[in-house]
Amino acid sequence: RSEIMKAADIALYAAKTGGRARLRIFEPGMMVEVERHQTMIALARQALTHDTIVPHYQPKVRLRTSQVTGFEALLRWRDHEGQLRTPDMVRAAFDDPALGSLLSERMLQKVLDDIQHWTRIGLAFGHVAINVAGADFRQGGFADKVIRSLNARQLPPSCIQIEVTENVFLGHGAGDVERELRALSDHGIRIALDDFGTGYASLSHLTQFPVDLLKIDRSFIQRIGTSTDAEAITSTVVNLGHCLGLEIVAEGIETAAQESYLRDINCDVGQGFLYARAMPAEAVPACLAQSETAGQIAKAG
């Protein structure tokens, strides 16, 4: 009896995960998925409890000058053996409203601590983009929390950007998202729409919500040179964004040919392994020094 009830409970979880009005019959594979989900939740809680979340920073490069214009903060964490891990191993935690919010809060505070240190030593890092999930907005007070955290450290709003994906504009709570984004924008914090072209948001959202930057998804960038469709979409997004007064960022640049194509179509900023992988905070000063040298060489050329 207990095994049957457990199987029914797992099938119920699978049905809820799939969306409303779903029917699922228990399959053994569901048990594996539930165990994986529970492991992710446990690992995320462990990372929070032991304070092993470590922000890493990937540079964003101004294509016209080859100089670093800012960074994107990416979550990394260390397991019980001290090994550095990516968010994929705890991705289920971001779907949990309470746990996901705690992870976002911890990242925000750690990133702002790093920014405060760089500011104190006079490092011209530009800005840091921070990824925010829809659940963070729907809990209310997110914008106030960000603004208070900046003020407490005496940091200008220009030192950060807030990155959101298209799905935060959709469904229940979109009004809350718009209100929070508007408050951040009114304070001088720029808003970036991440993974543009892969979601379901309409073009009207670009004017309804306070968006300052579009980030072209890496799935398009990686097919430059092999797919005319990807190149056409990329070029269209760049032109559309510029017509709306938006800055365009291309994610996932890995080759010089991709960079050259993006520069030719007047894309503003690039980001990807061609320039650097995500690095710990202590490596950022050396990265900026190298960027300054590269910029001087490009200018002289």
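In this report, the structure presented in the accompanying data block is examined. (Residues numbered from 1 in each chain as written. Predicted model: local features only at pLDDT ≥ 70, side-chain atom pairs only at ≥ 80, totals over all residues. Heavy atoms only, no water.)

1. Focus on the environment of A135
Position of A135 among the secondary structure elements: in helix α4 (residues 134-138). Sequence separation between A135 and A98 is 37 residues; the distance between their C-alpha atoms is 8.8 Å. (Helix = DSSP H or I, 4+ residues; strand = E, 2+ residues; numbered from the N terminus.)

2. Side note on the environment of K110
Mapped onto the fold, K110 is located in helix α3 (residues 97-120). Distance from K110 to P55, taken between C-alpha atoms, is 7.0 Å for residues 55 residues apart in sequence. The residues touching K110, leaving out its near neighbours within four places in the chain, are D51, I53, P55 and Y57. (Contact = heavy atoms within 4.5 Å.)

3. A few points about empty space enclosed by the protein
Gaps left between atoms are located by rolling a probe of water-molecule size over the structure's atoms. Applying the stated criterion across every chain yields a total of three cavities of 30 Å³ or more. By volume, the largest cavity amounts to about 40 Å³. Considering the residues around the largest cavity, the lining is formed by S104, L108, I130, N131, V132, D136 and F142. Among the secondary structure elements, those contributing two or more residues to the lining of the largest cavity are α3 and β4 (128-131). (1 Å grid on protein atoms, 1.4 Å probe; cavity = no way out; pocket = protein on both sides within 12 Å on 5 of 7 lines; lining within 4 Å. Points joined across faces, edges and corners; volume = space filled by probe spheres on them.)

4. A closer look at the side chain of D136
If you trace the backbone, D136 turns up in helix α4. Polar side-chain contacts of D136 include one of 2.9 Å to the side chain of S104. At 3.1 Å, the side chain of D136 and the backbone nitrogen of A133 are in polar contact. Sequence-distant contacts of D136, defined by excluding residues within four places in its chain, comprise G100, S101, S104 and F142. (Polar contact = N/O pair within 3.5 Å; in protein donor to acceptor, adjacent residues only side chain to side chain.)

5. Section: the packing of helix α2 (residues 28-49) against α3
Between α2 and α3, the least distance of the axes is 11 Å, while the angle of their chain directions is 35°. You can see that α2 and α3 cross each other, and the crossing is left-handed. Note on element contacts: α3 touches α2 through L99, L102, L103 and R106, opposite I41, A44, R45 and L48. Residue composition of the contact of α2 with α3, grouped by class: six nonpolar, no polar and two charged. (Axes fitted to C-alpha atoms, helices over the stretch in contact; angles between N-to-C directions. Left-handed = near helix turned anticlockwise from the far one by under 90°. Nonpolar A, V, L, I, M, F, W, Y, C, P; charged D, E, K, R; others polar.)

6. As for unusual backbone geometry
With glycine set apart, most residues show a phi of negative sign, and most peptide bonds adopt trans. Even without being glycine, S66 reaches a positive phi, approximately 65°. Within the secondary structure, S66 is located in the loop between β1 (53-62) and β2 (67-78). The class of S66 is partly exposed, set by a relative accessible area of 27%. For Q154, which is not a glycine, the phi torsion comes out positive at approximately 55°. (Buried < 20%, exposed > 50% of the residue type's maximum accessible area, 1.4 Å probe, protein only.)

7. Concerning the pairing of β1
In terms of burial, β1 is a largely internal element, eight of the ten residues being buried. Bridge count between β1 and β2: ten bridges; the pairing is antiparallel. Directly across from P55, in β2, lies its bridge partner L75. Counting the residues in the hairpin turn of β1 and β2 gives four residues, including S66, whose phi is positive at 65°. In this sheet, strand β10 (residues 279-280) lies alongside β1 in antiparallel orientation, the contact comprising two bridges. (Pairing = 2+ DSSP bridges.)

8. Quick look at the packing of aromatic side chains
One pass over the full model with this rule turns up four aromatic pairs. When the ring of Y57 is compared with that of W118, the centres are 5.0 Å apart and the planes differ by 70°; the resulting orientation is edge-to-face. Of this pair, Y57 sits in strand β1 while W118 sits in helix α3, placing them 61 residues apart in sequence. Here Y57 matches W118 in class, with each residue buried. On the numbers, 5.2 Å between centres and 75° between planes, the contact of F137 with F142 is edge-to-face. The class for F137 is buried, based on a relative accessible area of 1%. Following the ring pairs from residue to residue traces out a cluster consisting of Y57, F71, W118 and F125. The ring of F273 carries R277 above its face, with NZ or CZ at 3.9 Å from the centroid. (Phe/Tyr/Trp six-rings, centres within 6.5 Å; stacked < 30°, edge-to-face > 60°. Lys NZ or Arg CZ within 6 Å of the ring centre and 35° of its normal.)

9. Some points on the layout of surface pockets
One number sums up the size of the largest pocket: a volume of about 1400 Å³. P87, F94, N131, T165 and D195 are, among the 39 residues lining the largest pocket, the residues nearest its centre. Sorting the residues of the lining of the largest pocket by element identifies β2, α3, β4, α4, β5 (160-165) and β6 (190-196) as the ones contributing at least two each. For the lining of the largest pocket, the element with the most residues is β2, which contributes five residues. When the residues that make up the lining of the largest pocket are grouped by side-chain class, the tally is 15 nonpolar, eleven polar and 13 charged.

10. Let's talk about the packing of helix α5 (residues 142-152) against helix α6 (residues 174-186)
Packed helix pairs are specified by the crossing angle of their axes together with the interaxial distance, meaning the distance between the axes. One can describe the packing of α5 onto α6 by two numbers: an axis separation of 8 Å at closest approach and a directional angle of 25°. Between α5 and α6, the angle falls in the class roughly parallel. Contact residues: F142, A143, V146 and I147 in α5; E180, A183 and L184 in α6. Looking at the contact of α5 with α6 residue by residue, the class counts come to six nonpolar, no polar and one charged. (Parallel < 35°, antiparallel > 145°, perpendicular 65-115°, else oblique.)

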